[in-house]
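Residues per chain are reported as follows:
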Amino acid sequence: MGKLYYCTKCGNTKTGEKQCLMCQSCDISPIPEKYISYIAETIPILNKDLENDFIKNVIKSSPNFDQSAWDRRVGYQETRKHYDDILRNEMEAQSHQPECPTCHSKNVQRISGLERGASIAVLGLFSKKINKSFKCNNCGYTW
Ligand SMILES: [Zn+2]
Ligand SMILES: [Zn+2]
């Protein structure tokens, strides 16, 4: 059975065996067996019911625990989740493919001017404020 590891410094539990990808610490420890549950009896995951115990009794009581590294990691992951939500909404919006108002072709493309070159995160944040325009590849109409 596989093992799960956690970073004793920042508490990252999605880490490799050798180094934490969040804080670059190499103080990685295996998560004690009792906090682990298994999906399909083979894939180890942190037991969600015991997650708070694990954080309190293991991570935060570790001598290596570093509150500022923890705060940075949690802040980063929340920001990431926030961007992921925005991006997912964007992708859902885009999956509703618009239709050309004149010939009703669905072969239309979004014209982006300002958006070009913007990073995907920035694009996610600002694209709602940018007036979108579309071009029909069938009849050439733009709107
Ligand atoms: Zn770490
Ligand atoms: Zn058209």
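Residues numbered from 1 in each chain as written. Chains lettered and ligands numbered in written order. Predicted model: local features only at pLDDT ≥ 70, side-chain atom pairs only at ≥ 80, totals over all residues.

**Overview of the overall build of the protein chain**
Basically, it comes down to this: Under the DSSP-based scheme used, a helix requires at least four consecutive residues in state H or I and a strand at least two consecutive residues in state E, with every element numbered from the N terminus. The contact criterion used is a C-beta to C-beta distance within 7 Å, with each C-beta placed from the backbone.
On a plain count of helices and strands, the protein chain comes out with 3 helices and 6 strands. Order of helices (α) and strands (β) in the protein chain, N terminus to C terminus: β-β-β-β-α-α-β-α-β. Counting only contacts in the protein chain whose residues sit at least 6 apart along the sequence, the fraction spanning at least 24 positions is 52%.

**As for the nonpolar core**
For soluble globular proteins, nonpolar side chains are generally found buried alongside one another. What counts is decided by this rule: Only buried Ala, Val, Leu, Ile, Met, Phe, Trp, Tyr and Cys residues enter a nonpolar core, and they are joined through C-beta atoms within 7 Å. Buried, partly exposed and exposed are defined by the number of other C-beta atoms within 10 Å of a residue's own C-beta, namely 20 or more, between the two limits, and 12 or fewer respectively, with C-beta atoms placed from the backbone.
Tyr6, Cys7, Cys10, Cys20, Met22, Cys23, Tyr35, Phe54, Ile59, Ala69 and Trp70 together form the largest nonpolar core, which totals 11 residues. Counting residues per element, the ones that place at least two in this core are strand 1 (5-7), helix 1 (51-59) and helix 2 (67-95). When sequence neighbours within four positions are dropped, the list of residues in contact with Ala69 reads Lys9, Cys10 and Cys23.

**A word on helix 2**
What counts here: Residue count minus one, scaled by 1.5 Å, sets the expected span of a helix.
Compared with the 42 Å implied by 1.5 Å per residue over 29 residues, the 41 Å span of helix 2 between its first and last C-alpha is a close match. Among the residues of helix 2, those classed as buried are Ala69, Trp70 and Arg73.

**Focus: the confidence of the model for the protein chain**
The predicted structure's coordinates, where accompanied by low pLDDT, should not be read in detail. Just so we agree on the cut-off: Here pLDDT means the predictor's own confidence in every residue, given as a number from 0 to 100.
Residue-level pLDDT values for the protein chain average 85, and 85% of them are 70 or greater. Mean pLDDT values over the elements of the protein chain span from 53, in helix 3 (residues 120-126), up to 96, in helix 1. Note on residues 115-119: pLDDT under 50 across the span, and 4 contacts to partners over four residues away in sequence or across chains.

**A closer look at the environment of Cys10**
By the element assignment, Cys10 lies in the loop between strand 1 and strand 2 (28-30). On the neighbour-count criterion, Cys10 (26 C-beta atoms within 10 Å) is buried. Filtering out sequence-adjacent residues up to four positions away, Cys10 remains in contact with Cys20, Met22, Cys23, Ser25, Asp66, Ala69, Trp70 and Arg73.

**Focus: unusual backbone geometry**
Across the chain, the bulk of peptide bonds are trans and the bulk of non-glycine residues have phi less than zero. Even without being glycine, Gln24 reaches a positive phi, approximately 65 degrees. Summarising the element assignment, Gln24 is placed in the loop between strand 1 and strand 2. For Ala40, which is not a glycine, the phi torsion comes out positive at approximately 55 degrees. Note that Ala40 resides in the loop between strand 3 (36-39) and strand 4 (43-46).

**Concerning the environment of Pro44**
Along the chain, Pro44 falls in strand 4. Pro44 sits in the partly exposed class, given 18 other C-beta atoms within 10 Å.

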